[in-house]
Each structure stands twice: as structure tokens, then as C-alpha cells.
Amino acid sequence: MIIYNKVWLSNLFLVEQVEEKHSDNLISDTELNDIKKKYPVNFYSPNIFIRIGLGILTVIISLFGCGFLTLIAADAHVMESYGWFVFLAVLHYIVLELMVRQKHHFRSGIDDVLLWITAALSVFAFIWALASLTGNPGENYHAVSAILFILSTFLSIRFIDRLMSLFAYLSCFALIFFTWESTGSFSLDTMPFVMMSFSAVVYWLLRKNIHNPAIYFYSGSITLLQVLSLISLYVCGNYFVVKELGDMLRGTESVSIPLDWLFWMWTMTIPLLYIIFGIKQKNRILLRTGLLLIAAAVLTFRNYYHLIPVEVALIIAGTITLAFSYLVSQYLRQPRNGFTSWETQKSGDEDWLNAESLIISESFSGSGHPQPEKSNVFGGGNFGGGGSSGSY
Amino acid sequence: MINSIFDKLYNEGVLSDRSFQKIRDSQKSPLFSVHWELKTVLYLGILLLSTGLGIIVYKNIDSISHQVVLLFIAALTAGCFTWCDKIKAPFSFEKVESPGSFFDYILLLGTLSFLSFVGYLQFQYEVFGNRYGLATFLPMLVLFFIAYYFDHIGILTLAITNLAVWMGVALTPKDLIRSVDVSDERLIYTYLGLGVLLLTSGYCTIRLDIKRHFSFSYFHFGVHLTFIALLSGFFFYDYGPALVWLVLLLIISWLIYRQALTRGSFYFAMLAVIYGYIGISSFTMRSLFMLKDDAVLFLGFSYFILSGIGVILFLINTNKKMQRDDHLQ
């Protein structure tokens, strides 16, 4: 099923692990070179920036190539039928297969972009076809999510693509959602539990099969799917989502919802449980997802209860997070229970620092510039960090 | 069996006893690093805190005493800088290792509250009067000083964006996209001047060997600004004079491309190629549209298809060249 040369693929995974040990100074240069020679990888996978450049150019060629063909065939009124887009999708897919099989492209930017365009064109053509066959555009949620699911599952399996596995998960989620919704009047009340069970089952299956050799090459997709299923498990039971989405679908405006204590408990405790289990099992995915969801829990709470003004809440939260991270990093200067606050792997130091500095300039550069033009308006000065007021 | 891959390599004899033992030892007591998690929480803390302080000053600007606010911000600034100064490594023109990420972010907090302090002073007491240039020039100098004194790249980028503010232009990507105005001649020259200044600074940084690792920030902003300014100039002027801008653009992209090749920087090599390609394509389009012929559409489409393939081949070749040089090192 996988389009790539499996020997090279497993060599690639092996060499990557060896390189990791090499950067930790556990393996010498000569050993690394010997292993690389013994396990050759002949994929064409250029540097990340070259990959981006190749991707941009592929978009340009595809865009103008499609335009060129359409222009030539314009007299035959090709634009008026979905068949033309099926043709373009197939054309892209053929080029994609050729690039991968003949030229051995593997994450080169060219194959990435061709894959996305193929998927986008096929889905577009399908939606069009469905609309013209059934005669009512925009009401075919089941069919669209089903075809999206089939297509993205196929592409993610064949090309080991993470983005496609993301679409596969989301479309499967949507498919179950719409199917359950159309089953009857109780469907909306039970919806959160159905979707929560779906997420939980997906996560459980992933964890159970994590060492299964059959999915060895999909480690990237598996990681992503774990994060997605954990997030959707939380979101489906989040008070805000359950209440507001329920209102939206029923067209009502409720003051409270049945079982609200359960959903509030879920909203508040799940992130903490993720973090606790993440620490206990030394599971980075659980830990990071938990940290992310803490923010969601805080925002949900603030949406319904304004106990203190925003700025006080910000300052308290900022101080707590600062103190927390200071204390923990001090505490873990000496490794304790296998935890450390030091980096265990050098992560291409220079590049990370540069990326970090650009994030800083992007998020803080609005700070403290007096604004001369508006100086007669009270409060015209722009103090403090920018770019964060939106969500609070 | 700890890890089948390394067992396999060891049995095949490509892994020496010593390395294998080292790997086994490291896997017997694996360390779980929470470095990046802590760092992100730290970043979030600074973001929340500085935003919160900003709002509190902004909201209470006419109720609480100005002296109290000023005193508080000043105390925070002084506290941060004193602490950082105490634990920092001695100054050097080389790269100085930071004492830790907490240090980096406290320094950032100090710098941000310093900026608030200056902004507040100007807003409330108009210390700089109507000399708005001075009100941005002084903080910029201080920012550059902090960046070099404490060796902090993040603050260097803040200093560079402040330099742009002082010159009257915006620099961060989101502002750039919003505010670049190709119809303002003066603005184009300002951007070009700033871009060239930054490129020169980056070059001098390497040439004079002063904080060599700062060169990326100078080049990053310099390259984007210069190219955007040159492209804007190309579109601003009539066909004849615009050619001067095009030639300038091509020369500069060639220079940056050569530099990137010798320094092994894929990022700048890609930028030079893409911006150069945008320049040539813009020229082709402008020339084609002057033809006023039905064939223009066909010619334009064929141009993009063929040139796109050509540039792809060029990029692939560049990648090959650079990776080969990589192996030689």
C-alpha cells in the first residue's frame, strides 16, 4: 500500500535514530558514516527551506498549468462540468505518482503540494457532482464527510502524510456526528457522550497498537492522531461547547444545561488528569495536551464567571505561571525521578534561538511606543504587550 | 532487549562496544526533559504579566497617582536588570552562553517594562516634548545596548523593529503586509535605506566578528525589507526607470545567493531565488501586457509553467551543491 520503497523507509527511520544518538555524543562520527553507508536512503528529501521554495513553485506551475489547459479546452465548455475537475485531479495524481516512483521524491515540497492539490480538486469535483446529481447543493454533509474520509485515509496510508491523517480523523468525526444527529430526537442530548466515546476509543486503539510493527512507518501520524483524539475527547465534554453548540443546533437559548455539574467537572479536571498521567507515564503527548487545555479550561470558566477584572486575572495568572515555572526549573536542576529541566537533546540550538527571537519580536514589538498623533486623547499610548487582548 | 535497532547494529558489528554500552546506559536511566514545556509556560507568564500590567496602567491612567504607577514600573525594571546583571556571564564580543531560559525571559520582562516606563513618561509628562524622534531614538539605543550587553537575540530583534519605528516604518510581517504602500515614493526609499543599513550591519557583524550569531537577525529583516522596497520601486516607476530597480534587485539577489552558498544558509539561498524570480516574473508580465495582443494570455501562462520548472531545477541544483559542501565540513 505504501508507495515508497520500504527498505529505504526503514533505513531512514534507523538512520534518524542513530543521528539522534550521534548528536548526544553516544556514537562517533565514523560509526555514523559507516551506518549511513550500510543503510542507504536514496529518497530525494531536500532541506526544509528548499522544500518550501519547491512547494511555492509547484503551486505556481499547477495553477498556471491548469489555467493553460482550461484555456485550450475552453471552447468545449469544460468549465461547466465537474468532469473537468476530475480530470485535473487525476492529472495531478499521475504526476504525483510519477514524481514519487521515478524521481523518488519524499517530502520534497513538490510531492506535498501535489498531494494537497489532488485532494482539494477531488473533493471539489465530488461536491459539485453531488450537488448536480441530487439537485440541492449544501445539504450533503454525510456524503461529503464520507468521501473526505475515504480519500484522506487512502492518501494518508499511501503517502504516510500527517496532514491527510488529520483530515481523515476530522472527517470520520464529522461523519459520526452527522449520522448520529439524523437518528432521532434524543440524538442531540446524547451527542457529547457519543463523540467522547469515539475519541476515547480512537485514543485507546492508538495506545494499544503503538508498538505494532504494522504502523511503524506512521509514527508521525500516530502522534498527531493521539493529540487530536485527546483534544476532541476534552472538547466534546467542555461546558462551553456542549451548551453553545447544543443551543446552536436546537435554535434555543438555554440558561443552563442538564448534567451541567458533570460537564463542569469534565471541563476543569480533564486537563489536570492529562497532566498527572503525562507525568506519571512520562508521556509527553499527554503532558503537552494537558498544558494546552488548561488555557481552554480557564477561558471557559472566565466566559461564564467574571469574578475579577481581566487585568487582575492576567497579572495573577502571569505571576503564578512565572513562579511555577521558576520553582519547577529550580527544583529539577538536579534530575529527580527521571525528570530534568535541562535539555537532553541539542535541538539545533542556533535555529531555535533565531525562531524564538522572531516570535518575541512578533508578539512584543507593539510595546510602549508613544503614539504622537493621538497624544491629546486620554489613554492613547499603547502600553504593554500586544497581540493578546483578543482572547481575554 | 532495550532497543532492537541498536542491538541489531551491534550484532552486525557497525557499532563499537563502547558506543553500545553508552547507549545502553543512557537507556537504562532515561531522563525526561521538561525544558521546552517550562520555557513555553515561562513565555506565557511573561506575555500574561506584561499584558496585565499594560491594561492596568491604561485603565487607571486618570485615577491612580502617576507617581505610584511610574515608581512601580521603574522598580520592576530596575529589579529585573539588577538581577540579570548579577548572574550574567562576563561580557565578550563572542557569543556568551545564557545562564538559563529564566534569565532570558526576566531580561525580556525588564526590557518590556522599561519600554512601558519611557512610553508612560512621554505620554504623561512629555519629557521629550514634541521631539517624537527622540522619544523613539533613546529607547532604541537602550535596546541595542541591552541586546549586546546581555547577549539576547530576542531583544536585538525588538531593537531592530524599534529602529524601523524611529525611521517611521513598520517591520513585523503582519504590519509589513498591512502597511506597505507602493504609491508613496518617500516610504519606498525609507524601506530601501533601512534594508540596506541592516544588510550592511549584518555583513559588518560577521566581518568584524562582533557577536557573529546576531547576523541572522540583521540579514533576516534586511533581506525582506530590501527586496520588498526594490519590488515596490519597480512597480512605482514607469517602464524605463523601473528597469534600474529590476537590475538592482537582480544584483542584490545574486550577491545574497553567493553569500548564502558560502555560508551554507539554505534559508537565504531560497529567499534570494524566490525574490529574484518574483522580480523577473514581474518584469515579464509588465512587458507582456504592453503587447496588447490576444496571445498575451497564452504567452503568460506558458512563461509561468516553463520558468517555474526552470526555477525548480535551479533550486534542486542549489540544494545538491549546498549539501555536498555540507559533507565536506
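So, how was this worked out
- Note on numbering: residues in each chain are counted from 1, in written sequence order.
- A letter from A marks each chain and a number from 1 marks each ligand, given out in the order of writing.
- Side-chain atom pairs in this predicted model are given and counted only at pLDDT of 80 or more, local residue features only at pLDDT of at least 70, and totals for whole chains, interfaces and linings cover all residues.
- The basis for every side-chain value is the complete set of non-hydrogen atoms in the structure, without hydrogens or water.
- Runs of H or I in DSSP of at least four residues are treated as helices and runs of E of at least two as strands, each being numbered from the N terminus.
- Throughout this description, buried means an accessible area under 20% of the type-specific maximum (1.4 Å probe, protein chains only), exposed means over 50%, and partly exposed covers the range between.
- Accessible areas in this description were obtained via Shrake-Rupley with a 1.4 Å probe; residue shielding takes into account the shown protein chains only.
- Counted as positive: Lys and Arg. Counted as negative: Asp and Glu. His and the chain ends are not counted at all.
- Here the site of a charge means atom NZ of a Lys, CZ of an Arg, CG of an Asp or CD of a Glu.
- Two residues qualify as a contact provided that any one of their heavy atoms is within 4.5 Å of a heavy atom in the partner residue.
- For the domain bounds, the source is a domain assignment made automatically or taken from a database.
- As used here, buried area is the combined drop in accessible area, with a 1.4 Å probe, of two parts when they are placed together.
- We define a salt bridge as a contact between a side-chain nitrogen of Lys or Arg and a carboxyl oxygen of Asp or Glu at a distance within 4 Å.
- The term polar contact refers here to a pair of N or O atoms within 3.5 Å; inside protein, the definition further demands a hydrogen-donor-capable atom paired with an acceptor-capable atom, and it admits residues adjacent in sequence only when both atoms are side-chain atoms.
- Polarity classes work like this: nonpolar for Ala, Val, Leu, Ile, Met, Phe, Trp, Tyr, Cys and Pro, charged for Asp, Glu, Lys and Arg, and polar for all others, with Gly in that last group.
- Note on geometry: axes are C-alpha line fits, over the in-contact stretch for helices, and angles between N-to-C directions span 0 to 180 degrees.
- Our angle categories are set so that under 35 degrees counts as roughly parallel, over 145 as roughly antiparallel, 65 to 115 as roughly perpendicular, and the remainder as oblique.
- Should the near helix be turned counterclockwise from the far one by less than a right angle, the crossing is left-handed, whereas a clockwise turn marks it as right-handed.
- A pair of Phe, Tyr and Trp rings is counted when the ring centres sit within 6.5 Å of each other, with Trp represented by its six-membered ring. The angle between the planes then sorts it: under 30 degrees is stacked, over 60 is edge-to-face, the rest tilted.
- Residues belong to one nonpolar core when they are buried, are Ala, Val, Leu, Ile, Met, Phe, Trp, Tyr or Cys, and are joined through side-chain atoms within 4.5 Å.
- The span expected for a helix works out to 1.5 Å for each residue beyond the first.
- Per-residue confidence from the predictor is reported as pLDDT, which spans 0 to 100.
- Exposure above 30% relative accessible area and the lack of any salt bridge qualify a residue for a patch; like charges then connect within 9 Å, and the nonpolar side chains Val, Leu, Ile, Met, Phe, Trp and Tyr within 5 Å.

Quick word on the overall build of chain A
Then comes step 1: From N to C terminus, chain A includes 14 helices and 1 strand.
Then comes step 2: Along the longest, intermediate and shortest principal axes, the C-alpha atoms of chain A span 65 × 65 × 60 Å.
Then comes step 3: Burial status across chain A gives 43% buried among its 392 residues.
Then comes step 4: Of the roughly 20600 Å² of accessible surface on chain A, a fraction of 68% belongs to carbon and sulfur atoms.
Then comes step 5: If the 24 positive side-chain charges of chain A are averaged to one point and the 28 negative ones to another, these points end up 10 Å apart.

With respect to the side chain of Thr111 of chain B
Residue and element names in this part refer to chain B.
Then comes step 1: With respect to the element layout, Thr111 can be found in helix H5 (residues 101-125).
Then comes step 2: When its relative accessible area of 0% is taken as the criterion, Thr111 is described as buried.
Then comes step 3: If we ignore the near neighbours within four places in the chain, the residues touching Thr111 are Phe81, Leu143, Ile146 and Ile155.

Here's the deal with the domain arrangement of chain A
Residues and elements named next belong to chain A.
Then comes step 1: Along its sequence, chain A is organised into domain 1 (1-42) and domain 2 (45-314).
Then comes step 2: When each unit is reduced to the centre of its C-alpha atoms, the spacing between domain 1 and domain 2 is 32 Å.
Then comes step 3: Approximately 1300 Å² of surface area, both sides summed, lies buried where domain 1 meets domain 2, with 76% of it carried by carbon and sulfur atoms.
Then comes step 4: The three residues of domain 1 that bury the most area against domain 2 are Met1, Ile3 and Tyr4, which together make up 50% of that side's buried surface.
Then comes step 5: Linking domain 1 with domain 2 are 0 salt bridges, by the criterion used here.
Then comes step 6: Linking domain 1 to domain 2 there are 2 residue pairs in polar contact (both at pLDDT 80 or more).
Then comes step 7: Its residues placed into classes, the side of domain 1 that touches domain 2 shows 8 nonpolar, 3 polar and 1 charged.

Some words on the interface of chain B and chain A
Then comes step 1: Listed per partner, the contact involves 93 residues of chain B and 93 residues of chain A.
Then comes step 2: Counting across the chain B and chain A interface gives 2 salt bridges.
Then comes step 3: In this structure, Glu37 of chain B engages Arg288 of chain A in a salt bridge whose closest nitrogen and oxygen atoms are separated by 2.7 Å.
Then comes step 4: The tally of links from chain B across to chain A stands at 8 residue pairs in polar contact (both at pLDDT 80 or more).
Then comes step 5: Counted by class, the side of chain B that touches chain A contains 56 nonpolar, 28 polar and 9 charged residues.

Remarks on the packing of helix H4 (residues 66-87) of chain B against H5 of chain B
Residues and elements named next belong to chain B.
Then comes step 1: One can describe the packing of H4 onto H5 by two numbers: an axis separation of 8 Å at closest approach and a directional angle of 150 degrees. Judged by the inter-axis angle, H4 sits roughly antiparallel to H5. As H4 packs across H5, the resulting crossing turns out to be left-handed.
Then comes step 2: Its residues placed into classes, the contact of H4 with H5 shows 20 nonpolar, 8 polar and no charged.

Observations regarding the pattern of salt bridges
Residue and element names in this part refer to chain A.
Then comes step 1: Scanning the entire structure with this criterion turns up 10 salt bridges over all chains.
Then comes step 2: We note a salt bridge from Arg250 to Asp189, for which the minimum N-O separation is 2.6 Å. Here Arg250, found in helix H10 (residues 239-250), pairs with Asp189, found in helix H8 (residues 187-208); they are 61 residues apart in sequence, far enough to count as distant.
Then comes step 3: When its relative accessible area of 41% is taken as the criterion, Arg250 is described as partly exposed.

Examining the packing of aromatic side chains
Residues and elements named next belong to chain A.
Then comes step 1: Applying the stated criterion across every chain, the model contains 55 aromatic pairs over all chains.
Then comes step 2: Relative to Phe178, the ring of Tyr141 lies with its centre 4.9 Å away and its plane at 15 degrees, an arrangement referred to as stacked. Linking Tyr141 in helix H6 (residues 141-159) with Phe178 in helix H7 (residues 162-181), this pair joins segments that are 37 residues apart in sequence.
Then comes step 3: Ring centres of Phe240 and Tyr304 lie 6.4 Å apart, and the angle between their planes is 55 degrees; on these two criteria the pair is classed as tilted. Of this pair, Phe240 sits in helix H10 while Tyr304 sits in helix H12 (residues 284-304), and the two are 64 residues apart along the sequence.
Then comes step 4: For Phe240, a relative accessible area of 37% gives the class partly exposed.
Then comes step 5: On the basis of relative accessible area, Tyr304 is assigned to the partly exposed category, the value being 23%.

Let's talk about the nonpolar core
Then comes step 1: Tyr4, Leu9, Phe159 and Phe364 of chain A together with Leu108, Phe144 and Phe268 of chain B are the most contacted members of the largest nonpolar core, which totals 148 residues.
Then comes step 2: Tallying contributions element by element places helix H12 (residues 266-289) of chain B first for this core, with 13 residues.
Then comes step 3: Two domains each provide a minimum of three residues to this core, namely domain 1 (1-42) and domain 2 (45-314) of chain A.
Then comes step 4: Not counting residues within four places of it along the chain, the set of residues in contact with Tyr4 of chain A comprises Leu9, Phe43, Val100, His105, Phe106, Asp111, Arg158, Phe159 and Ile160 of chain A.
Then comes step 5: By size, the runner-up hydrophobic cluster in this structure holds 15 residues, among which are Leu26, Ile27 and Ile35 of chain A together with Val14 of chain B.

Overview of helix H13 (residues 310-331) of chain A
Then comes step 1: For H13 of chain A, with 22 residues, the first-to-last C-alpha span of 31 Å sits near the 32 Å given by 1.5 Å per residue.
Then comes step 2: Considered for burial, the residues of H13 of chain A that qualify are Glu311, Ala313, Leu314, Ile315, Gly318, Thr321, Leu322, Ser325 and Ser329 of chain A.
Then comes step 3: On its buried face, H13 of chain A is in contact with H12 of chain A together with helix H3 (35-59) and H5 of chain B.

Observations concerning the side chain of Ser282 of chain B
Then comes step 1: Here Ser282 of chain B shows up in helix H12.
Then comes step 2: Once residues lying within four places of it in the same chain are set aside, the contact partners of Ser282 of chain B are Leu231, Phe234 and Phe235 of chain B.

What to know about unusual backbone geometry
Then comes step 1: Despite not being glycine, Arg107 of chain A has its phi angle at roughly 50 degrees, a positive value.
Then comes step 2: Mapped onto the secondary structure, Arg107 of chain A falls in the loop between helix H4 (83-102) and helix H5 (110-134).
Then comes step 3: Although it is not a glycine, Asp209 of chain B adopts a positive phi angle of roughly 60 degrees.
Then comes step 4: The topology assignment puts Asp209 of chain B in the loop between helix H9 (185-207) and helix H10 (215-236).
Then comes step 5: A relative accessible area of 34% means that Asp209 of chain B is categorised as partly exposed.

What to know about the confidence of the model for chain A
Then comes step 1: For chain A, mean pLDDT is 84; residues scoring 70 or higher make up 90% of the total.
Then comes step 2: In the predicted structure, residues 368-392 of chain A sits below a pLDDT of 50 and forms 52 contacts with residues beyond four places in sequence or in another chain.

Some thoughts on helix H11 (residues 239-263) of chain B
Then comes step 1: For H11 of chain B, spanning 25 residues, the distance from its first C-alpha to its last is 36 Å, which sits close to the expected 36 Å at 1.5 Å a residue.
Then comes step 2: Considered for burial, the residues of H11 of chain B that qualify are Ala242, Trp245, Leu246, Leu249, Ile252, Ser253, Ile256, Tyr257, Ala260 and Leu261 of chain B.

Overview of the environment of Pro90 of chain B
Residues and elements named next belong to chain B.
Then comes step 1: Structurally, Pro90 can be placed in the loop between H4 and H5.
Then comes step 2: According to the relative accessible area criterion, Pro90 is exposed, its value standing at 68%.
Then comes step 3: Pro90 sits 67 residues away from Thr157 along the chain, and the two C-alpha atoms are 22 Å apart.

With respect to a positive patch on the surface
All names here are of chain B.
Then comes step 1: A cluster of basic residues, Arg258, Lys320, Lys321 and Arg324, forms a positive patch on the protein surface.
Then comes step 2: Here the positive patch gets 3 residues from one element, more than from any other, and that element is helix H13 (residues 296-328).
Then comes step 3: Assignment of secondary structure puts Lys321 in helix H13.
Then comes step 4: Owing to a relative accessible area of 31%, Lys321 belongs among the partly exposed residues under this scheme.

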